[in-house]
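Listed here are the chains, written in short residue letters.
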2 protein chains.
Amino acid sequence: MVNETREFSSDPFLMTSHLPRTRIQRRNRRAILDAALAVFSQHGFRGATLDRIAAEAGLSKPNLLYYFPSKEAIHETLLAGLLETWLDPLRALDPAGEPIEEILGYVRRKLAMSRDFPRESRLFANEILQGAPRIGPTLDGELKKLVDEKAAVIAGWSGEGRIADVDPWHLIFSIWALTQHYADFDVQVRAVLGPDRGDPFDGAERHLVTLFTRLLTP
Amino acid sequence: MVNETREFSSDPFLMTSHLPRTRIQRRNRRAILDAALAVFSQHGFRGATLDRIAAEAGLSKPNLLYYFPSKEAIHETLLAGLLETWLDPLRALDPAGEPIEEILGYVRRKLAMSRDFPRESRLFANEILQGAPRIGPTLDGELKKLVDEKAAVIAGWSGEGRIADVDPWHLIFSIWALTQHYADFDVQVRAVLGPDRGDPFDGAERHLVTLFTRLLTP
DNA sequence: AAAACGTTTGACCGGGCGGTCAGGACCACG
DNA sequence: CGTGGTCCTGACCGCCCGGTCAAACGTTTT
């Protein structure tokens, strides 16, 4: 009954933040959520099966249901931390900073997330593709509020002539679309580029920096 | 912008091109494929059920299986025509045309497809998200060949100084990402924009024209 | 040692899944 | 009218799904 030490390793989604009593519980909860992330992100909620998640986690199905009450609960746990982490890079956009560097910084952070957490990106994409049945309210509320706020900042920069005139909302959509594309459509990107043109993300970063620089430079 | 009808009466995927013997067969095949498109695009292959497709098509399940031998067959039929139609706008990019107008034309055509055929876009997105298990070979073959060809054209324009220097492959990715985003992430876009800012696609077209003009103008 | 608690499992359940089948309804054409 | 082919359906099948349960196993505490 010890272990009150907080975990903050490489876990961006606080997967183990729910009252982690024993070491076994932490290990197994993490294994389950990691397996579930892999399966849900590839097959969507309805396409995923508990047997498959259990197998991937190295547990029996009843044992899996000892740690989570239902398939729904696993999915919800994954989505819960997701939106938060998804928005952090946008929150970090500093109204007091140098406009173009702030926006380019956001682009770079978002692209890094596509490279380092593609499964999370695909889980999110699946949820939105299906009409956001589980996080719809969060989109209307928290997400819209944050975007409106940052859009106002960008509009301010625009008005002051510090960046070129641009629709702030669609600018943000552009950043989302262009960065998440490299995670969500990874197989297509790699198929088109072929094996001889190096890591797609290197070319992507150069291209996106160019693109947004030309778009935003007054 | 091009203005096609949003109803399924304008059949862009030759859904009924398979030996349409009788009038009833044509009507029912079309109804099935239209229903299947709705269900597959929202839930993915494994998440879709024959009962649901049959209900949406207004047929009984056995009757549905009178027209198609299996769930797989329906899905394959949908995907078969999809890639073709998906690539047509890129094929139409004319090497002899005015570079920036050619590329902007491609952007407009692709955005129009997102607006008029969002279900097709989401069906494609689902397939890619799952790792392209059924159209992987087509991506490596036909798609890569076409993109390589058009990328060479764009690189030529770049070399001649008729457009600004840009990575042709990532330019094409940008067009795909930015246009398909408005179909695939429609709910998110509408949630963020709210109800008072008009049709997302109007703002999208203005924004994308601006974006690519600034990116490509030498 | 043994109680007490946390963990794991095999066997099982009702329901929904993709798909089958025999036969009935419908329909064009003699 | 009848007959043959097309179209449609209720009943059914075996399988896999999410989820339950009692019992056994492991580990820590007393």
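Residues numbered from 1 in each chain as written. Chains lettered and ligands numbered in written order. Predicted model: local features only at pLDDT ≥ 70, side-chain atom pairs only at ≥ 80, totals over all residues. Heavy atoms only, no water.

Quick look at the overall build of chain A
To keep it simple, the criterion reads: Per the convention used, a helix needs a DSSP run of H or I reaching at least four residues, while a strand needs a run of E reaching at least two, with both numbered from the N terminus. Burial here depends on accessible area, computed with a 1.4 Å probe over protein chains only, as a share of the maximum for the residue type. Under 20% is buried, over 50% is exposed, and the range in between is partly exposed. Any pair of residues with heavy atoms lying within 4.5 Å of one another is described as a contacting pair.
Assigned secondary structure in chain A consists of 10 helices and zero strands. Counting helices and strands in the order they occur from the N terminus, chain A gives α-α-α-α-α-α-α-α-α-α. C-alpha extents for chain A along the principal axes are approximately 60 × 40 × 35 Å. When each of the 218 residues of chain A is scored for burial, the buried share is 55%. Residue pairs in contact within chain A that sit at least 24 positions apart in sequence constitute 64% of those at least 6 positions apart.

Side note on the protein's contact with DNA strand C
Here is the rule: If a single non-hydrogen atom of a residue is within 4 Å of a molecule or strand, that residue counts as near it. Each residue gets one of three labels, nonpolar for Ala, Val, Leu, Ile, Met, Phe, Trp, Tyr, Cys and Pro, charged for Asp, Glu, Lys and Arg, and polar for the others, Gly among them.
Of all residues adjacent to DNA strand C, which total 18 residues, the nearest are Thr22, Gln25 and Tyr67 of chain A together with Leu50 and Lys71 of chain B. Among the elements of the structure, α1 (23-47) and α3 (61-67) of chain A together with α2 (50-57) and α3 (61-67) of chain B are those that each provide at least two residues to the surface near DNA strand C. Considering each element in turn, the surface near DNA strand C owes the most residues, four residues, to α3 of chain A. Looking at side-chain class alone, the surface near DNA strand C contains eight nonpolar, seven polar and three charged residues.

Brief notes about the nonpolar core
What counts, and what does not: We call a set of buried Ala, Val, Leu, Ile, Met, Phe, Trp, Tyr and Cys residues a nonpolar core when their side-chain atoms join them within 4.5 Å.
Ranked by internal contacts, the top residues of the largest apolar core, which has 142 residues, are Phe212 of chain A together with Phe212 of chain B. Setting aside chain neighbours within four positions, we find Phe212 of chain A in contact with Leu104, Val107, Leu171, Ser174, Ile175 and Leu178 of chain A.

Here's the deal with the relation of the copies chain B and chain A
To be explicit about the condition: The fit set for superposing copies consists of C-alpha atoms from residues with pLDDT of at least 70 in both; the fit itself is least squares.
For these two chains of identical sequence, chain B goes onto chain A by a turn of 180° and a shift of 0.0 Å along the axis, with RMSD 0.1 Å. Taken together, the rotation and translation describe the operation of a two-fold axis. Identified as the residue of chain B closest to the rotation axis by C-alpha distance is Gly47 of chain B, at 2.3 Å.

Let's talk about the packing of helix α8 (residues 168-184) of chain A against helix α10 (residues 200-216) of chain A
Residues and elements named next belong to chain A. Going by this rule: Inter-axis angles, ranging from 0 to 180 degrees, are taken between N-to-C directions of lines fitted to C-alpha atoms, where helices are fitted over the stretch in contact. Convention used here: angles under 35 degrees read as roughly parallel, angles over 145 as roughly antiparallel, angles from 65 to 115 as roughly perpendicular, and any remaining angle as oblique.
Interaxial distance between α8 and α10 falls to 11 Å at its minimum, and their mutual angle equals 170°. Relative to α10, the element α8 is oriented roughly antiparallel. Contacts between α8 and α10 involve Leu171, Ser174, Ile175, Leu178, Thr179 and Tyr182 on the former and, on the latter, Phe201, Ala204, Leu208, Leu211, Phe212, Leu215 and Leu216. Among the residues making up the contact of α8 with α10, the classes are represented as 11 nonpolar, two polar and no charged.

Describing the interface of chain B and chain A
Definition in use: When two components associate, each loses some accessible surface as probed by a 1.4 Å sphere; the sum of these losses over both components is called the buried area. Think of a salt bridge as a Lys or Arg side-chain nitrogen and an Asp or Glu carboxyl oxygen that are within 4 Å of each other. Two N or O atoms form a polar contact when they lie within 3.5 Å of each other; inside protein one atom must be a possible hydrogen donor and the other a possible acceptor, and for residues adjacent in sequence the pair counts only when both atoms belong to side chains.
The interface is formed by 55 residues belonging to chain B together with 55 residues belonging to chain A. For the chain B and chain A pair, buried surface summed over both sides reaches about 4900 Å², with 65% attributable to carbon and sulfur atoms. Together, Leu129, Val192 and Arg214 of chain B form the three largest contributors to the area buried by chain B at its contact with chain A, with a combined 15%. There are two salt bridges connecting chain B and chain A. Summed over the shared surface of chain B and chain A, the result is 12 residue pairs in polar contact (both at pLDDT 80 or more). At the level of elements, α1 (23-47), α6 (118-129), α7 (136-159), α8 (168-184), α9 (186-193) and α10 (200-216) of chain B are the ones that each hand at least two residues to the side of chain B that touches chain A. When residues of the side of chain B that touches chain A are assigned to their parent elements, the largest contribution, 12 residues, is made by α8 of chain B. Considered class by class, the residues forming the side of chain B that touches chain A number 27 nonpolar, 17 polar and 11 charged.

Limitation: the analysis is restricted to geometry and does not speak to function.
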